[in-house]
Each structure stands twice: as C-alpha cells, then as structure tokens.
Amino acid sequence: MALFNPKTETFEEFDPATRARLRSVVDFFERKGKQALTGDAHRGEWYEDWMRFLAESRIIAHMATPRSISGADPDKRWDTAFISRFNEITGFYGSQYWYAWGVSTLGLATIWQSANAKAHLRAAEELDRGGIIGFGLSEKDHGADIYATDMLLTPDGAGGFTATGSKYYIGNGNVARIVPTIGRRTDLEGADAYVWFIADSQHSNYRLVKNVIHGQNFVSAYDLVDYPVSADDVLHVGRKAFDSALAAVNCGKFNIGMVALGIVQHCFYETINQASAKILFGHPVTDFPQVRQILSDSYVRMNAMRLYHERAIDYMRSSTPEDRRFVMFNSIGKMKVTREAERVFRELSDVISAKGFEKDSYFSTARGTIDSMPRLEGTAHVNMALTLKFMPNFLFNPADLPPVPVRRDPGDDESLFRQPGAAGLGAVRFADWRPAYARYRHLPNVALFVEQAERFTQFPVEAPPTPDQLEDLDYQLAVGELFTLLPYGQLILEQAEITGASEDIVDSIFEIFVRDFSAYALGVFSKASSTTAQQDWALSVLRKPIIDGGRTARLHDEVMSYAGAFEMNP
C-alpha cells in the first residue's frame, strides 16, 4: 500500500473521464496554494472559489446523479468508489471543502429515495447547474431526534401545507436552493404525522438566522415562517419519513472515513518533513526511538484504514435489499476509521509539536476539524451500538454467501436508495469471517490475533453478561471495542489479498491489533460491573505481539521514504 500523494496519483482504477475529474480537484487546490488555503481557513472565509469550481466542473452532478435521471450524459451515476476518492482529496486539503458535498449526500439520498419524480428532476437540474443541497433534520433543542421535531406543517386544503419552525446545525443552508426538511403535521398524531419536504433558502419565507460555527463551511440556523409547501415539494410521509432519514445517513456516513484518512495523510507528510529536517542534540528528530515508533504506528494504522475502507466500498456497491452486510461495515468505517484517524493525529502532534500550531501549516487547520469526524452522522457510540446488533450472526451464524467482487467500474449504486426499513438488522447474515484470516495465519501476529478472536467467541459462554450489564450501554461499548476488531481485520485481510499488500505491512497491522485487543480487554476487566469470570477471561486474552527486528527496520525504511515526498504548492 502507499499513502495518497496528489502530485503522483493517477487514479488508475477509474475510467479516463473520472480520472480527469478527480485530477481537476487536486489541481484546484494546488493552484490555490497552501498560503491561501490556510489563510482562508483561519479567517473562516466562505469558499466562493470552491463554489465556482463545483459549478464549472459539475463534478457532484457526475458522481451523484442516478443513471435513471442522468439524461443524455453517460458519465453520470451515483458511484460510491468515485465519491470515496473525492472525499479523500477534499479531506487531504481541508474537510471544510468536503462538507459542501457531505451535506449534499444526505439531502440527495433523501430525494433519490422518494417517489416524487418532479423532485428528482429538480435535484438533477440543480446539480447540473452546479448547486449544492441541504439537509434539514436537526433542531437546537432536540438535536437529530426526529420524534421531537417542532417544525409544524398545517394543511392548506389544497394538498399542501404551510410550515413554521426552526432548524439548527444545517449545512449549506445559506445557499442551497433545495433543502429537504422534516416536520410534522398538526392534524395527525404519531408516525403518520411526519413529512419530508423541500424548502428553498432563497424563498422570502425562509429566514437565514446565522452560521452557528466559525469556519468556511456554513452550518446554518434557519426559520421557516408560514412557508408554502406544495404537493410537489413533499418527498416522504409517515413511517417512510423515518426510514428514509436513516437510509440517508447510511449513505452519508460512509463519506467520513475517507475524509478522515485524507486529513491525517496530509498531517503525516507535514510531520515527517519537519521531523526529518530538524536536528536536535546532533541527530534528526526521526532518529529518536519514540518518534520512530509514532511514525511507524501512524503509517501502519493509515494503511489499515485504507485497506478496510477500500474493501468496504465493494460491500456498499454490491448491496441489495436482501444483502445488507454493508450496514455493519459502514458503521465500523464511520466509527473505527475516524477514531483511528483521530488517534493518528494525536500521536503525530507529539512529533510535529509547536510547528503544528503555526498558522501557515495544514496541521493547524486540521486541528479544528479532526475531532468532528467521529461525531458527524451519529457519534462513535451510536455507531458502536448499531454494530453490536450484528454481533451474534457475525460470530455464530455464518451464511453461505457469494464472494463480493471488486467494484471500481463506473456503475450506478442505485440499490442504496431501495433500502428496507430500519427494523430487522439483527437478521442480517454474514459470510464466515475465518477464511480471510486463515490465508494469513502463517504471519505470527495474525496467528496471535486469531487466538484472541477465537477466545472472544467464548466470552459469552465463559463470562456471560449479567442482567444489569445487558442494560448497561457503557459495558456493551467496551465489549464492542473487542468485537469490532474482528470484522475490521477481516476486510483488511480481504483487501490485502486483492491488492497484494506486503506481508510486512499486514503483520505490522496485526502487531498493533494484538496490542489494541489486549488494551480493550483490560478495559472490560476494569469496568465497575465486571464479574470475576469476566475479569479472568480478560486476563486470559492478554498477549504481547511478536516483534521482528528485521520487519521493524524494513518498515522504518519504508516510512522514511515519505520524507520530502510531498509538499503542497505554496
């Protein structure tokens, strides 16, 4: 595997038109230059130049318009692989730039799920015009609690409504001409009352209140005051309004892992460039053992993040209403990959030190956004709780499912807009996780991790949860940390086999996983509610990873090859 280097990346996995579009995104930022990029970020200046680029390139139209409404343009489709590379590039240069698209994902997914053909055409035309889309879910007093919305819709007697209420923390709410918004009818009760409808930020009854953050992206508060909602503006009603919101988040949160990876890769380049050139006590900083360890661990964790996410793309793109494995892999990507990125950032901070606070560094701009990655589109805890729903079937009830192919074709991932309701996730089946590990058991740390994984399958038998623990989310989350490493490792190994990743990298990844599994087991041990049996089990799975001096040296040489490999245009 290799880190993303914008100056040498060819995007060879894609068709020529997609390669050119992704290259144009890199060219936009490199032409802008680092001084302008960081200056705009610190001033919190709205990125009008980025809006012009999106309008002129129409890149969102090409990666996010389902083929069924693409008209005469054969290059348009909803393409998760294309989108993921766009996410990585924009994260690499500044996640605030990604945010314009990240919010658009949610709004578009809400629209594409609807049966409103006029809304489909309206959204497709807006993307072709170069516009971005909003997503009006959250409220100041209720957050994203759909049940508690205070956006009220009063029937107008003509098949439409008038809407009055406030939304808060709504991206793109300053410019989006299409802002899907959820509210509830005043004449109905319960689930039947809920409605998704389209609002227009430029309408006179739409009152933009403010940007609730300091930043280049606009995270708006807005009020609707007797806003007219026609029948053509209605997207979903009743139970479908709930299900479409959750399905939209399933589409949107898959963005975030690659954004986070993009952020920390740029931070890694800045860190290794600075550390390799800085002399302390007569030696480059990169000669110090703790720095070598941090740089190597960071590099290995980033490789693991990429391997996982690249394979998860295939599961997303191959999903059907009957095969919903992607929901778990998506949640792990959102929760695990983003927290791994946060961890890498913190460790790199100890190496780059004061340089990482200088206003002309990318690192200083990343500092203000990296914390948001695990906390957008459902917190890490919410996604961990979702992941736990799949644990029994994943561990104990494998199904005979066909292998998932590599998907980098210019296909249209329209099945994401035909997701069933949120109920029944516990019935989702998975292929056996063990074969992916078996192919790499000759590597010492993979073999050691498999020992830990097999011991985990015995945890419910040897140390079952108490009735109180079954209701204790804090305890369940600690167990979830252990479980998550199994599917995370599975997809990493599947992708390692596909790409031919070096055995040094694979064994180094699992050296870290053996360490992490042991640390998570100690977390279970130290919980206030842990039983004696649980404490005994936790101690029984502690393992020291197997250290290979030759592999460590080769890995360090590989890491150091990145010193000076990339520097953004000034």
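Right, let's walk through the structure included here. (Residues numbered from 1 in each chain as written. Predicted model: local features only at pLDDT ≥ 70, side-chain atom pairs only at ≥ 80, totals over all residues. Heavy atoms only, no water.)

**Notes on the overall build of the protein**
Each helix and strand in the protein was counted, giving 21 helices and nine strands. Over its C-alpha atoms the protein spans a radius of gyration of 24 Å, differing by no more than 12% from the 25 Å that the globule rule assigns to 570 residues. Reported as C-alpha extents along the three principal axes, the dimensions of the protein are approximately 75 × 60 × 45 Å. Out of the 570 residues belonging to the protein, those deemed buried represent 59%. Once the 59 positive and 73 negative side-chain charges of the protein are each reduced to a mean point, those two points are 1 Å apart. (Helix = DSSP H or I, 4+ residues; strand = E, 2+ residues; numbered from the N terminus. Rg over C-alpha atoms; globule rule 2.2 N^0.38 Å. Buried < 20%, exposed > 50% of the residue type's maximum accessible area, 1.4 Å probe, protein only. Lys, Arg positive; Asp, Glu negative; His and termini not counted. Charge placed at Lys NZ, Arg CZ, Asp CG, Glu CD.)

**Remarks on helix 20 (residues 532–540)**
Buried within helix 20 are the following residues: Gln534, Trp537 and Ala538. Down the axis of helix 20, the buried side of the element spans an arc of 100°, and every buried residue falls inside it. At its buried positions, helix 20 is contacted by helix 15 (444–457), helix 16 (459–462), helix 17 (467–470), helix 18 (473–499) and helix 19 (503–525). (Arc of directions from axis to C-beta. Contact = heavy atoms within 4.5 Å.)

**A short note on the environment of Pro66**
With respect to the helices and strands, the residue Pro66 is situated in the loop between helix 4 (59–64) and helix 5 (80–93). On the basis of relative accessibility, which here comes to 6%, the residue Pro66 falls in the buried class. Through-space distance from the C-alpha of Pro66 to that of Thr365 is 34 Å; in sequence the pair is 299 residues apart.

**A short note on the pairing of strand 4 (residues 194–199)**
Counting buried positions along strand 4 gives six out of six residues, so the element sits mostly inside the fold. Residues Tyr194, Trp196 and Ile198 point to one face of strand 4 and Val195, Phe197 and Ala199 to the other, with burial holding for every one of them. As defined by bridge partners, strand 3 (residues 179–185) adjoins strand 4 across six bridges and the pair is classed as antiparallel. Its bridge partner lying in strand 4, Pro180 is registered against Ile198. Here strand 4 runs beside strand 7 (residues 234–237); their pairing, made up of three bridges, is antiparallel. (Pairing = 2+ DSSP bridges.)

**Some remarks on the packing of helix 9 (residues 289–317) against helix 18**
Contact pair helix 9 / helix 18: the axes reach a minimum separation of 8 Å and the direction vectors enclose 85°. The angle between the axes of helix 9 and helix 18 places the two elements in the roughly perpendicular class. Counting all contacts with helix 9, which are made through Ala304, Met305, Leu307, Tyr308, Glu310, Arg311, Ala312, Asp314 and Tyr315, the residues of helix 18 involved are Pro487, Tyr488, Gln490, Leu491, Ile492, Glu494, Gln495, Ala496, Ile498 and Thr499. The class makeup of the residues in the contact of helix 9 with helix 18 is twelve nonpolar, three polar and four charged. (Axes fitted to C-alpha atoms, helices over the stretch in contact; angles between N-to-C directions. Parallel < 35°, antiparallel > 145°, perpendicular 65-115°, else oblique. Nonpolar A, V, L, I, M, F, W, Y, C, P; charged D, E, K, R; others polar.)

**Points about the packing of aromatic side chains**
Tallying each qualifying case throughout the model produces 45 aromatic pairs. When the ring of Tyr206 is compared with that of Tyr222, the centres are 4.5 Å apart and the planes differ by 20°; the resulting orientation is stacked. Note that Tyr206 is positioned in strand 5 (residues 206–211) and Tyr222 in strand 6 (residues 219–229), a separation of 16 residues in sequence. Both residues of the pair, Tyr206 and Tyr222, belong to the buried class. If you follow Lys336 out to its NZ or CZ, it ends over the ring of Tyr488, 5.7 Å from the centre. A cation over a ring is seen here: Arg367 above Phe357, with NZ or CZ 3.8 Å from the ring centre. (Phe/Tyr/Trp six-rings, centres within 6.5 Å; stacked < 30°, edge-to-face > 60°. Lys NZ or Arg CZ within 6 Å of the ring centre and 35° of its normal.)

**Description of the nonpolar core**
Core analysis: the largest hydrophobic core is formed by 165 residues, its most contacted members being Trp50 and Phe456. With 19 residues, the single largest contributor to this core is helix 8 (residues 239–277). With sequence-adjacent residues up to four places away left out, Phe456 is seen in contact with Met391, Leu395, Val479, Leu482, Phe483, Leu486, Phe517 and Trp537. Of all hydrophobic cores here, the second largest spans 16 residues; its members include Phe161, Ala176, Tyr222 and Val234. (Core = buried A, V, L, I, M, F, W, Y, C linked by side-chain atoms within 4.5 Å.)

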